[in-house]
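The primary structure of each chain is shown beneath.
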Amino acid sequence: MDYSTMCPKYEAAADILGKKWTGRIIRVLLGGPKRFKEMKEQIPEMSDKMLTDRMKELETLEIVSRHVYPEMPVRIEYELTAKGRDLQPIIESIQLWGENWM
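Values in this document were obtained by computation on a predicted structure and should not be read as measured data.

Enquirer: Break down the nonpolar core for me, citing the residues and quoting the values.
Expert: In terms of nonpolar packing, the biggest core is built from 17 residues, with Ile 25, Leu 29, Met 39, Met 55, Ile 63 and Val 64 touching the most fellow members. For this core, the secondary-structure elements that each account for two or more residues are helix H2 (22-29), helix H4 (48-60) and strand S2 (75-80). By residue number, the principal contributor to this core is H2, which donates four residues.

Enquirer: I'd love a proper account of the layout of surface pockets, names of residues and values included.
Expert: Taken as a whole, the largest pocket encloses approximately 360 Å³ of empty space. Together, Tyr 10, Ala 12, Ala 13, Ala 14, Ile 16, Leu 17, Leu 61, Ile 63, Lys 83, Asp 86, Leu 87 and Ile 90 line the largest pocket. Per-element accounting of the lining of the largest pocket gives the leading share, six residues, to helix H1 (residues 8-18). Residues belonging to the lining of the largest pocket are distributed by class as follows: 10 nonpolar, no polar and two charged.

Calculation notes
Residues numbered from 1 in each chain as written. Predicted model: local features only at pLDDT ≥ 70, side-chain atom pairs only at ≥ 80, totals over all residues. Heavy atoms only, no water. Core = buried A, V, L, I, M, F, W, Y, C linked by side-chain atoms within 4.5 Å. Buried < 20%, exposed > 50% of the residue type's maximum accessible area, 1.4 Å probe, protein only. Helix = DSSP H or I, 4+ residues; strand = E, 2+ residues; numbered from the N terminus. 1 Å grid on protein atoms, 1.4 Å probe; cavity = no way out; pocket = protein on both sides within 12 Å on 5 of 7 lines; lining within 4 Å. Points joined across faces, edges and corners; volume = space filled by probe spheres on them. Nonpolar A, V, L, I, M, F, W, Y, C, P; charged D, E, K, R; others polar.

This is the structure:
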C-alpha cells in the first residue's frame with residue numbers, strides 16, 4: 001500500500017466513520033435491527049435530533065435501512081445493510097484497539 005499520498009476513497013471512509021456518534025450507532029446495529037428508542041437506550045448521551053440526523057445520513061449512504069411496519073402504533077426499525085455489515089471487522093478492530101490501549 002502506498003502511504004505517500006492520500007487516497008480519496010480512504011478520506012471518504014474516514015470522514016464517515018470519524019463523525020461523532022456514527023461508530024457507536026453502527027456498533028449498536030451490529031447487534032441486529034433496533035427501534036429508535038432501543039438505540040437511545042444504548043447511547044443515552046446522544047440527543048434525539050442527533051440520532052435522527054445520523055440515521056438519515058447513514059440511510060442516504062446506504063449503510064442503514066429503515067423499515068416501517070404498518071401496525072398500530074406504527075413500528076419503525078433500523079438495520080445495517082450489507083454495506084453496513086461489512087464494517088463489522090473495522091468496528092471490532094477499533095474495540096480491540098480500545099481494550100488494549102485506552
